[in-house]
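Working through the structure, step by step
Take a look at the letters that make up each chain.
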Amino acid sequence: LAYFIEGLFGVSASFAGLIVGAIRPVAILTGMHHAMTPIALQNFSDRGYDMLMPMMFMANMAIAGATFAIWRLSRDRQEKTVTLSAAISALLGITEPALFGVLTRYKKAFIAATVASSLASAFIAFFGVRLYGYILSSIFSLPAYIGPYFMFALSGVAIALVLSFVITTVLVGREQTAEK
């Protein structure tokens, strides 16, 4: 996996962002997301920074955005409660409840999160967003990006959240309208 990711960055940082951003939500579902952490830690050791963890951050925010959209679209009170707690959890960096509890039931929302993760990751990679220390990928990790890349990291989070929310709302909302 490390050589694959290194090869992607060898082609282009934006291309690496596009691919890693697309892979990340699926990797979380399969448990393979843990394989990316040693790569990030090695990057800190070898380079003093890492560009992979910011992409992980974008994936988490995209998953949160799609889950918030499902919460907004939901009519069932119990589903709204479960979905809201999963969305907040994803915003705080724990995406499994959102993925396993919500997005696996709404395939179009999962696709929306994957597309938003991919595009937001490509965006931040284009601008070279990096981290200089290991931190959980949550909305509260934004201060770790303060510095020359902060505006790009903040923009990436906005892209991930808004894009996944909008795409989910359009795709799932259209599906619900068709069912009625």
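See the structure above.
This section reports on the structure supplied with the text. If you're wondering where the values come from, they're calculated on a predicted model, not measured in any experiment.

About the cut-offs
- Residues numbered from 1 in each chain as written.
- Predicted model: local features only at pLDDT ≥ 70, side-chain atom pairs only at ≥ 80, totals over all residues.
- Heavy atoms only, no water.
- Phe/Tyr/Trp six-rings, centres within 6.5 Å; stacked < 30°, edge-to-face > 60°.
- Helix = DSSP H or I, 4+ residues; strand = E, 2+ residues; numbered from the N terminus.
- Buried < 20%, exposed > 50% of the residue type's maximum accessible area, 1.4 Å probe, protein only.
- Lys NZ or Arg CZ within 6 Å of the ring centre and 35° of its normal.
- Expected span 1.5 Å × (residues − 1).
- Contact = heavy atoms within 4.5 Å.
- Polar contact = N/O pair within 3.5 Å; in protein donor to acceptor, adjacent residues only side chain to side chain.

Describing the packing of aromatic side chains
All chains considered together, the criterion is met by five aromatic pairs. With a centroid separation of 5.5 Å and 20° between ring planes, the pair formed by Phe-57 and Tyr-145 is classed as stacked. Here Phe-57, found in helix α4 (residues 52–73), pairs with Tyr-145, found in the loop between α7 (107–126) and α8 (150–179); they are 88 residues apart in sequence, far enough to count as distant. On the basis of relative accessibility, which here comes to 0%, the residue Phe-57 falls in the buried class. Between the aromatic rings of Phe-126 and Phe-127, the centroid separation amounts to 5.0 Å while the plane-to-plane angle is 90°, which identifies the pairing as edge-to-face. An aromatic cluster is built from Phe-123, Phe-126, Phe-127 and Phe-152, whose rings are joined through pairwise contacts. Positioned above the aromatic ring of Trp-71 is the side chain of Lys-80, whose terminal nitrogen or guanidinium carbon lies 4.9 Å from the ring centre. The side chain of Arg-130 reaches across the aromatic face of Tyr-49, ending 4.1 Å from its centre.

Some remarks on helix α2 (residues 13–30)
Between its first and last C-alpha atoms α2 spans 25 Å; for 18 residues at 1.5 Å apiece the expected length is 26 Å, and the two agree. Within α2, the full set of buried residues consists of Ser-14, Ala-16, Gly-17, Val-20, Gly-21, Arg-24, Pro-25, Ala-27 and Ile-28. On its buried face, α2 sits against α1 (2–11), α3 (36–47), α4, α6 (96–103) and α7. Capping the start of α2, Ser-12 holds a side-chain oxygen 3.2 Å from the backbone nitrogen of Ser-14, two or three residues further along. Looking at the residues trailing α2, positive phi occurs at Gly-31, about 85°.

Side note on the side chain of Ser-164
Mapped onto the fold, Ser-164 is located in helix α8. For Ser-164, the side chain forms a polar contact with the main-chain oxygen of Leu-161, separated by 3.2 Å. Among residues more than four places away in sequence, those in contact with Ser-164 are Met-61, Ala-62, Gly-65, Ala-66, Ala-112, Ala-113, Ala-116 and Ile-159.

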